[in-house]
Amino acid sequence: MQGKSGPHEIRCVKRNFLLETLENELPEGTIRYSSKIVAIEEEGNVKLLHMADGSTIRANVLVGCDGVNSVVARWLGLHKPILSGRSATRGLAEYPDGHGFGPEMLQFIGQGFRSGVLPCSDTSVYWNYTWYPSPADGDAEESVDKMRQHVLARLRAAKIPAEALDVIERSEMSDVVSSPLRFRSPLALVRGSICRGGVCVAGDAFHPMTPELGQGGCAALEDGVVLARCLGEALGAGGHGSAEAALAKYAGERRWRAVRLVTAAYFVGFVQQSSNPAIKFLREKFLSGLLARVMVDMADYDCGKL
């Protein structure tokens, strides 16, 4: 499909490659790993961050990127993310001699599940599977092997192509057998406090969303660009603003983008995975093109430059 910025494309990047690339752009020692915040206190304009290891960090500016269970978001008063009623599992398959897949995503939807296969490189392929858990699943979530067999059984019953099944059969799955999918209510994003004083949130701490758009990590990178730009304009050479004003500007720029992403992701997932006969009829006869258009429109976005 053609977007405002040119042909639309989908790229899959391994998380560790992305993190290593970002880290390599920073001075050595900038990142302090294994540093989980357990509590935040105020001391004038300074925030005291109490860490899980017992240490304390003093900060003038705090950007909470601490995930869906964010301590920083809770301190700001944002409502907790809510359960979507669906769960997800995923894996990565390696093909040392090449996998033969083209540079495109294969997606299978309906019958209560959504599954996709997407190459990461010439030798690795990522796959995902989301579904509505039920008592009929039995003990599928007790172990990685049982979850793999559950996924394969559901996909075989739906007559998924053999090459997609092979990806799952040969893959290494995460130690996390499955994860309940959660999202922050769009109303909470509209009415909630994204920043206060020298504190704000970004990434999943700000806008956790269901995965149908493939925009969770992308939106976090957008957050980083916009936040850096706002801080640079306020505090950089020639700047006359404050960190607090910069964070407020960042929140204003990102709030409605986050609302649209979270809403669109939930809508697409609900329609794609529904087993309701009426919704299934509408999906197959009328909504498939609309869903594809929504996914492209959400990705066809320019957050600006640093």
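Bear in mind that the values here come from a model prediction, so they are computed numbers and not experimental data.

A. Up close: the state of the cysteines. A full pass over the atoms with the stated rule returns zero disulfides. Left unpaired, Cys195 is separated from the closest cysteine sulfur, that of Cys200, by 6.7 Å.

B. Spatial organisation of the nonpolar core. One finds Ile37, Ile40, Val72, Val201 and Tyr250 to be the most contacted residues of the largest nonpolar core, which totals 47 residues. Elements that contribute at least two residues to this core include exactly strand S3 (37–43), strand S4 (46–51), helix H2 (71–76), strand S14 (199–201), helix H6 (216–235), helix H7 (243–273) and helix H8 (277–299). Sorting elements by how many residues they give to this core places H7 first, with twelve residues.

C. Layout of the sheet that holds strand S13 (residues 195–196). Across the sheet, three strands lie side by side as S6-S14-S13; this open sheet has mixed pairing. In this open sheet, the two edge strands, each paired with only one partner strand, are strand S6 (62–64) and S13. Looking at chain direction, S6 and S14 are connected through three bridges and run parallel. Note that in S14 the partner of Gly64 across the bridge is Val201.

D. Structural detail: the domain arrangement of the chain. One can read the domain layout of the chain as domain 1 (2–81 + 184–299) and domain 2 (83–181). Taking only C-alpha atoms into account, the centre of domain 1 sits 26 Å from that of domain 2. Taken residue by residue, the interface counts 14 residues in domain 1 and 22 residues in domain 2. Taken together, both faces of the contact between domain 1 and domain 2 bury some 1500 Å²; the carbon and sulfur share is 57%. It is Cys12, Gln272 and Gln273 in domain 1 that bury the most area against domain 2; as a group they hold 43% of the surface buried on that side. Scanning the region where domain 1 abuts domain 2 turns up two salt bridges. Across the pair Glu212 and Arg86 runs a salt bridge, and its minimum N-O distance is 2.3 Å. One can count six residue pairs in polar contact (both at pLDDT 80 or more) joining domain 1 with domain 2.

E. Local environment of the pattern of salt bridges. Per the stated rule, a full pass over the model turns up 13 salt bridges. Between Glu222 and Arg257 there is a salt bridge, and its shortest N-O distance comes to 3.0 Å. Within this pair, whereas Glu222 is found in helix H6, its partner Arg257 is found in helix H7, the two being separated by 35 residues in sequence. By relative accessible area, Glu222 is classed as buried at 8%. Taken together, the shared-partner salt bridges in this structure form one network comprising Glu222, Asp223, Arg254 and Arg257.

F. Fine view of the side chain of Thr89. Along the chain, the position of Thr89 falls in strand S7 (residues 82–94). Not counting the four nearest positions on each side in its chain, Thr89 is found in contact with Trp127, Asn128, Tyr129, Trp131, Met147, Val151, Met173 and Val177.

G. Molecular detail of the environment of Ser121. Counting through the fold element by element, Ser121 comes out in the loop between strand S9 (113–119) and strand S10 (124–131). Residues Ser121 and Ala228 lie 107 residues apart in sequence; the distance between their C-alpha atoms is 30 Å. Reaching out from Ser121, the side chain makes a polar contact with the side chain of Ser124 at a distance of 2.9 Å.

H. Structural view of unusual backbone geometry. Backbone geometry at Ser34 places phi at a positive 55°, although glycine is not the residue there. Among the secondary structure elements, Ser34 is positioned in the loop between helix H1 (15–24) and S3. Backbone geometry places Lys159, a non-glycine residue, at a positive phi of 60°. Summarising the element assignment, Lys159 is placed in the loop between helix H3 (144–157) and helix H4 (162–169). You can call Lys159 exposed: its relative accessible area is 72%.

Rules behind the numbers
- Residues numbered from 1 in each chain as written.
- Predicted model: local features only at pLDDT ≥ 70, side-chain atom pairs only at ≥ 80, totals over all residues.
- Heavy atoms only, no water.
- Disulfide = S-S within 2.5 Å.
- Core = buried A, V, L, I, M, F, W, Y, C linked by side-chain atoms within 4.5 Å.
- Buried < 20%, exposed > 50% of the residue type's maximum accessible area, 1.4 Å probe, protein only.
- Helix = DSSP H or I, 4+ residues; strand = E, 2+ residues; numbered from the N terminus.
- Pairing = 2+ DSSP bridges.
- Domains from an automatic or database assignment.
- Contact = heavy atoms within 4.5 Å.
- Buried area = accessible area lost by both parts, 1.4 Å probe.
- Salt bridge = Lys/Arg side-chain N within 4 Å of Asp/Glu carboxyl O.
- Polar contact = N/O pair within 3.5 Å; in protein donor to acceptor, adjacent residues only side chain to side chain.

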